[in-house]
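Topology and contacts: notes
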Protein chains: 2
Amino acid sequence: MIERIAILGTGLLGTSVGLALRAAGFTGSIVGWNRGAPGAQRALAMGAIDSIAADPLQAALASQVTLLAVPIYSTLDFIEKLAPILGPEHLVTDVGSTKRTITEAGTRLYNTPERAAFLPGHPMAGKERGGAELGDADLFRGAVWLFTDDPEAKRSPQSAALVKGWRELVAAMGSKTLDLDPARHDELVAWVSHLPQFVATALSALLQEEVGDAPELKDVGGRALREMTRLGASPYSMWRDIAATNTEAVERALDALEQRLAHLRENLRTPALRDEFDVANRFRRE
Amino acid sequence: MIERIAILGTGLLGTSVGLALRAAGFTGSIVGWNRGAPGAQRALAMGAIDSIAADPLQAALASQVTLLAVPIYSTLDFIEKLAPILGPEHLVTDVGSTKRTITEAGTRLYNTPERAAFLPGHPMAGKERGGAELGDADLFRGAVWLFTDDPEAKRSPQSAALVKGWRELVAAMGSKTLDLDPARHDELVAWVSHLPQFVATALSALLQEEVGDAPELKDVGGRALREMTRLGASPYSMWRDIAATNTEAVERALDALEQRLAHLRENLRTPALRDEFDVANRFRRE
């Protein structure tokens, strides 16, 4: 059914989707576009895409499914620019890490019988560094691919079929799909994805300033330190738009953790420390 | 040279030392003792020890080297109890995670020509759960085994030779040894080991209370969440004595992280967020 896919943005996620589609047996065409030419050339050389598009809008127009795999504000730009040129024979979907803003734009500009479909998506998979060269056909295997679709969407039969087809391709890439309300999505990922990232960033930055120069540091840190700071390598460019589009939920989560750390600090020698370990143990057991 | 070793405490570390000694070709005797009988029987069944001692003090008396692999306050108890019964033909060493208190006790009660030697040690290796059943002959391979020995120690030639022999066995188990001043040790591990643990505990406890009941949680959390909360499974029993014997350094580290998180929270939409990511990136690059 789906035979022509455009991937706009061939970074880690876009390139991995191309590779995963091929690994899953997808035999249609995959055209790619990237803001920087080297990323597109790398994705082409890796076989993630068949050809490089000069113009992303033309590439979308010539495809049935367009996957937006760019930062969140660029995703919002493309949603605006593609809406007037695409029609009911098209589907646009994305991989953005926050979904309220993106889903609102999609609902406003897509998903009527005369317009293209927009399906907001978010694969819970990634790496602490980006770039086509890290693209991985197995990145989505065993992961959950979240959707925050509008249950009220009134789509043309063509684009409704494309939505169904894209969900099947996501399953073929090895992901389990799960549907969430967009506000619930942003709240949940603030806790389980954004908070862990910002904690790792703050911890890594603090350790850099406190012990970054210690000659014994490289030796002394073991697996625990490596794990707790791995996400510290994540670049600002991957997180700026997330921080800006999920600010309130992330603020609440950070504030709650600050209070929790203060409570633990004040109880290093009291029985309340045991309670804190017990609650933490439950999180890992369940 | 070393032919009789006693391991007091056959939990994860004690059992792993027994297994690693055997894997390194140590052919002498290894007697084990454990507060709970099942742990000693498990270590025996795994081949980490040759026999189980009924009395830990008698086992130490009959050995050349006694390894204390029990919690810190129990280590301090054994240091006190063994000092009057051992002599210059003995070495006592340990694996405790804080070293100032233990090293002070060792210096006070050991390390004269008439007394046994005490060598304070701390292998930077472990798991988030304890127990003989998790014992692993490769646990110390590639890790650093810290020593905070007293440079002024005046030992008998016999016990000095045992210190040298134990350091060689540690190297044979695959660890690199590193000597630190005990106060410097406790300061450094507060940052690179204790802070990461308490952060993981606080984060896990917070997530348990905020989203522990969310049905989507198991699906949504990926590798990043698993890594950032793995240490949340660590039991209170492993960390109580560490919190109590390195309180001030851990308090300083936690307080500094609280401030760092507040700074990040207040700058989710400002250019200061970029600076924080840049400093964190440097920690992972260097």
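The structure displayed is predicted, hence computed values, not measured ones.

Details of the relation of the copies chain A and chain B
- When chain A is fitted onto chain B, the two copies agree to an RMSD of 0.0 Å after a turn of 180° and an axial shift of 0.0 Å. In the structure described here, the two chain copies are related by an operation that fits a two-fold rotation axis.
- Taken as a fraction of all interface residues of chain A, those also at the interface in chain B reach 100%, which identifies the copy contact as same-surface.

With respect to the side chain of Thr10 of chain A
Residues and elements named next belong to chain A.
- With respect to the helices and strands, the residue Thr10 is situated in the loop between strand E1 (4-8) and helix H1 (12-23).
- Reaching out from Thr10, the side chain makes a polar contact with the backbone nitrogen of Ala40 at a distance of 3.5 Å.
- Not counting the four nearest positions on each side in its chain, Thr10 is found in contact with Thr15, Gly32, Trp33, Asn34, Gly39, Ala40, Ala43, Ile49 and Ala132.

Remarks on the sheet that holds strand E4 (residues 65-68) of chain A
Residues and elements named next belong to chain A.
- Judged by pairing direction, the sheet is parallel, and its 6 strands sit side by side in the order E3-E2-E1-E4-E5-E6 without closing on themselves. Since the sheet does not close on itself, it has two edges, and those belong to strand E3 (51-52) and strand E6 (117-119), each with one partner.
- Relative to E3, strand E2 (residues 29-33) runs parallel, the two being bridged by 2 bridges. Its bridge partner being in E3, Val31 is matched across the sheet by Ser51.

Overview of the interface of chain A and chain B
- Between chain A and chain B, the residue contacts involve 79 residues of the former and 79 residues of the latter.
- Carbon and sulfur atoms supply 69% of the area buried between chain A and chain B, which totals about 8300 Å² over both sides.
- By the criterion of area lost to chain B, the three top residues of chain A are Tyr236, Phe283 and Arg284 of chain A, representing 10% of everything that side buries.
- The salt bridge partner of Arg230 of chain A is Glu227 of chain B, with a shortest N-O separation of 2.7 Å.
- Inspection of the chain A/chain B interface yields 22 residue pairs in polar contact (both at pLDDT 80 or more).
- For the side of chain A that touches chain B, the secondary-structure elements that each account for two or more residues are strand E8 (144-147), strand E9 (176-179), helix H7 (182-211), helix H8 (217-220), helix H9 (223-229), helix H10 (236-245), helix H11 (247-265) and helix H12 (272-285) of chain A.
- Residue classes in the side of chain A that touches chain B are distributed as 46 nonpolar, 10 polar and 23 charged.

What counts, and at which threshold
Residues numbered from 1 in each chain as written. Chains lettered and ligands numbered in written order. Predicted model: local features only at pLDDT ≥ 70, side-chain atom pairs only at ≥ 80, totals over all residues. Heavy atoms only, no water. Least-squares fit on C-alpha atoms with pLDDT ≥ 70 in both. Contact = heavy atoms within 4.5 Å. Helix = DSSP H or I, 4+ residues; strand = E, 2+ residues; numbered from the N terminus. Polar contact = N/O pair within 3.5 Å; in protein donor to acceptor, adjacent residues only side chain to side chain. Pairing = 2+ DSSP bridges. Buried area = accessible area lost by both parts, 1.4 Å probe. Salt bridge = Lys/Arg side-chain N within 4 Å of Asp/Glu carboxyl O. Nonpolar A, V, L, I, M, F, W, Y, C, P; charged D, E, K, R; others polar.

By themselves these figures say nothing about function.
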